[in-house]
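Observations on chain architecture
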Amino acid sequence: MSESVISKAEKLVISSMKANDASHDASHALRVRDLALSLAKEEGDYKYVRDPSEEMITERFLEAENVEESKRQRILSIIKGMGTVLYKAVLHFHVISVHKGFKEELAGNQSAEFSPEFGVVQDADRLDAIGAVGIARCFTFGGSRSRVLHDPNIHPRLDLSKGQYMNKAEQTTINHFHEKLLKLKDLMKTKAGRRRAEKRHKFVEEFLTEFYEEWDGRS
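Now for a description of the structure that goes with this document. Just so it is clear, the model here is predicted, and its values are computed rather than measured.

This part takes up the overall build of the protein. Across its full length, the protein holds 10 helices and two strands. Listed N to C, the secondary structure of the protein is α-α-α-α-β-β-α-α-α-α-α-α in terms of helices and strands. Residue burial in the protein is summarised as follows: out of 219 residues, 44% are buried. Split by element, the accessible area of the protein, about 11100 Å² in all, is 51% carbon and sulfur.

Rendered as structure tokens:
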């Protein structure tokens, strides 16, 4: 894939995500792209689609850029396997994809088989949801939805089904750490992703310990 197509893909991602808040903006997409490339190198391999029809953006783009049929079909098959939540460019893999939703894994819909591209893209997306950047994104998203920061009387739902996850009643930002973010480390698909997740996961745990101590006036 030529540098011209890669540049155009970047512009498409930036344009498609420009209305999103900072938790799911183009910077997130490009970080995921860079993380995916980094994970792929380590492995040794080479939240705002408002209308399902927007998935066609990718197909139209690939056709307009005359990407060969075999590559185009592979890209589109990866997209179909990953869900319809968030566009991002994983340009070195010739992919503009959307990630498999966490809720689908809660429902037990995760396939046991996945391509190397799928693994690194999904791991990269999940790595961006934890660690320092993930914490910042979580609070940004919670603020954009006017969620309560923390309420000790509202306990996190630790054994969620897909239906319960989709039910946002009494959702607090801090509870989201327990309901989703702290679970991501164990959902990584690649060895590189698991290694990176350990450090980020530990940072999130340390943050929560400090948060609760400050909330209770103990720190």
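Next comes the rest of the description.
Looking at soluble globular proteins, one finds that nonpolar side chains tend to be buried together. Of all hydrophobic cores here, the largest spans 23 residues; its most connected members are Leu39, Ala124, Leu127, Ile130, Phe177, Leu181 and Val204. Contributions of two or more residues to this core are made by helix H2 (26–43), helix H6 (116–127), helix H7 (131–144), helix H9 (173–179) and helix H10 (191–215). Sequence-distant contacts of Val204, defined by excluding residues within four places in its chain, comprise Ile130, Gly131, Ile135, Phe177 and Leu182. In terms of nonpolar packing, the next biggest core, distinct from the first, is built from six residues, Ala9, Leu62, Ile75 and Leu76 among them.

Attention shifts here to the packing of aromatic side chains. Given two aromatic rings, their pairing is described by the distance between the two centres and the angle made by the two planes. Here the structure, examined in full by the defined rule, presents six aromatic pairs. Judged by centre distance (5.9 Å) and plane angle (80°), the rings of Phe211 and Tyr212 are edge-to-face. The exposure class of Tyr212 is partly exposed, given its relative accessible area of 24%. Ring centres 5.7 Å apart and planes at 25° place the aromatic pair Phe211 and Trp215 in the stacked group.

With that settled, the discussion passes to the environment of Ile75. Inspection of the secondary structure puts Ile75 in helix H4 (residues 69–82). Classification of Ile75 as buried rests on a relative accessible area of 2%. In the structure, Ile75 is positioned 17 residues away from Thr58 in sequence and 9.0 Å away in space, judged by C-alpha atoms.

On to H10, then. In this model H10 runs 36 Å from its N-terminal to its C-terminal C-alpha over 25 residues, within 8% of the 36 Å that 1.5 Å per residue would give. Approximately 30° is the largest bend angle found in H10, and it occurs at Ala197. Those residues of H10 lying buried are Ala192, Gly193, Ala197, His201, Val204, Leu208 and Phe211. The inward-facing, buried residues of H10 abut H2, H6, H7 and H9. Immediately downstream of H10, the backbone of Gly217 shows phi near 75°, a positive value.

Summed over all chains, the structure comprises nine salt bridges. Salt-bridge contacts for Lys185 lead to Glu198; the nearest nitrogen and oxygen are separated by 4.0 Å. Remark: Glu198 occurs in helix H10 and Lys185 occurs in the loop between H9 and H10; sequence separation between them is 13 residues. By relative accessible area, which is 17% here, Lys185 ends up buried. Residue Arg218 is joined to Asp216 by a salt bridge in which the shortest nitrogen-to-oxygen separation is 3.2 Å. Beyond isolated ion pairs, a larger network of salt bridges with shared partners links Arg31, Asp128 and Arg137.

Procedures and definitions
Residues numbered from 1 in each chain as written. Predicted model: local features only at pLDDT ≥ 70, side-chain atom pairs only at ≥ 80, totals over all residues. Heavy atoms only, no water. Helix = DSSP H or I, 4+ residues; strand = E, 2+ residues; numbered from the N terminus. Buried < 20%, exposed > 50% of the residue type's maximum accessible area, 1.4 Å probe, protein only. Areas by Shrake-Rupley, 256 points an atom, 1.4 Å probe, with all protein chains shown as cover. Core = buried A, V, L, I, M, F, W, Y, C linked by side-chain atoms within 4.5 Å. Contact = heavy atoms within 4.5 Å. Phe/Tyr/Trp six-rings, centres within 6.5 Å; stacked < 30°, edge-to-face > 60°. Expected span 1.5 Å × (residues − 1). Bend = angle between axes of the 7 residues up to and from the residue. Salt bridge = Lys/Arg side-chain N within 4 Å of Asp/Glu carboxyl O.

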